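The primary structure of each chain is shown beneath.
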Amino acid sequence: MANLIFKYSAMNGGKTLNIMQTIYSYEKNNFKVVLVKSEKDTKGFDNVIFRNDNKRKADIVLKENASLLTEEYYKIYYTAKIILVDEVELLNKKQVKELWMIAHLINIPIICYGLRSNFHGEIFSDGIAQLFASADFVEEIGSSSVCACGKKAIFNARKESGRFTDVGPTIVIDDGTKNEYEYVPLCSDCYLKYVKIKSEEAKDLTELVDKVK
Ligand SMILES: [Zn+2]
């Protein structure tokens, strides 16, 4: 049977490039690709937007609590050679379990692309936790994102009105209309230094460092 694969990176880590290449190589050989995105990803409405304004219409725009196991969706994907899911962190646990069943019971390979952590530095969602639990392969995308200091970026930090923050709603899509938010890929050292150092979580450690000098 086919596999469920999770490919992750921090932001700007080459996920969309990887999707584009996969779509290109399948469609060049006349294989049907079904592209899925969540309706929570409001960038480009029902398109998946790639850099340089390249667009590819999503075949399924999944509603927040919708099931993939409906006749309407099944008719779209059952003949697919591969299913690609963009921004998989926006799917819920049940939807990820459905992807797993589609791969293993209907034999369609599925590659999910997304972020593993949110701007709080924690697992992005129940959907991502489920994907780590059930994916056959979990891979970091090779051309990974780089922090401004030159190390590999692990975290997706949020800037609000130009300042790093770790408070606020988890999902705010950077669709160009909410200019007060910006996301910055950071390594662990820089994430701790710029985002977490003043947080409640780091307080015990910073106090300890001050005390024992
Ligand atoms: Zn760094």
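In this report, we go over the structure that sits alongside the text. Just so we're clear, the structure is a prediction, and the values are computed from it rather than from any experiment.

What counts and what doesn't
- Residues numbered from 1 in each chain as written.
- Predicted model: local features only at pLDDT ≥ 70, side-chain atom pairs only at ≥ 80, totals over all residues.
- Heavy atoms only, no water.
- Helix = DSSP H or I, 4+ residues; strand = E, 2+ residues; numbered from the N terminus.
- Expected span 1.5 Å × (residues − 1).
- Buried < 20%, exposed > 50% of the residue type's maximum accessible area, 1.4 Å probe, protein only.
- Arc of directions from axis to C-beta.
- Core = buried A, V, L, I, M, F, W, Y, C linked by side-chain atoms within 4.5 Å.
- Contact = heavy atoms within 4.5 Å.

### Some points on helix H1 (residues 15–28)
End to end, H1 covers 20 Å across 14 residues, agreeing with the expected 20 Å (1.5 Å per residue, within 8%). Those residues of H1 not exposed but buried are Lys15, Thr16, Asn18, Ile19, Thr22 and Ile23. Buried residues of H1 fall within an arc of 160° about the axis and therefore sit on the same side. Every exposed residue of H1 that faces more than 90 degrees away from the buried side is listed here: Tyr24 and Lys28. Once H1 ends, the next one or two residues include asparagine 30, with phi positive near 60°.

### Looking at the nonpolar core
Nonpolar side chains in soluble globular proteins tend to end up buried together. Residues Tyr77, Ile83, Val85, Ile110, Cys112 and Leu131 are the most contacted members of the largest nonpolar core, which totals 29 residues. Within the residue set of this core, elements represented by two or more residues are strand S1 (4–8), strand S2 (33–38), strand S5 (60–62), helix H2 (71–77), strand S6 (82–85), helix H3 (93–105), strand S7 (110–114) and helix H4 (126–134). Top contributing element to this core by residue count: H3, with four residues. Contacts of isoleucine 83, omitting those with residues within four sequence positions, involve Val34, Val36, Tyr77, Ile102, Ile108, Pro109, Ile110 and Ile111. Of all hydrophobic cores here, the second largest spans 10 residues; its members include Ile5, Ile19, Ile23 and Ile111.

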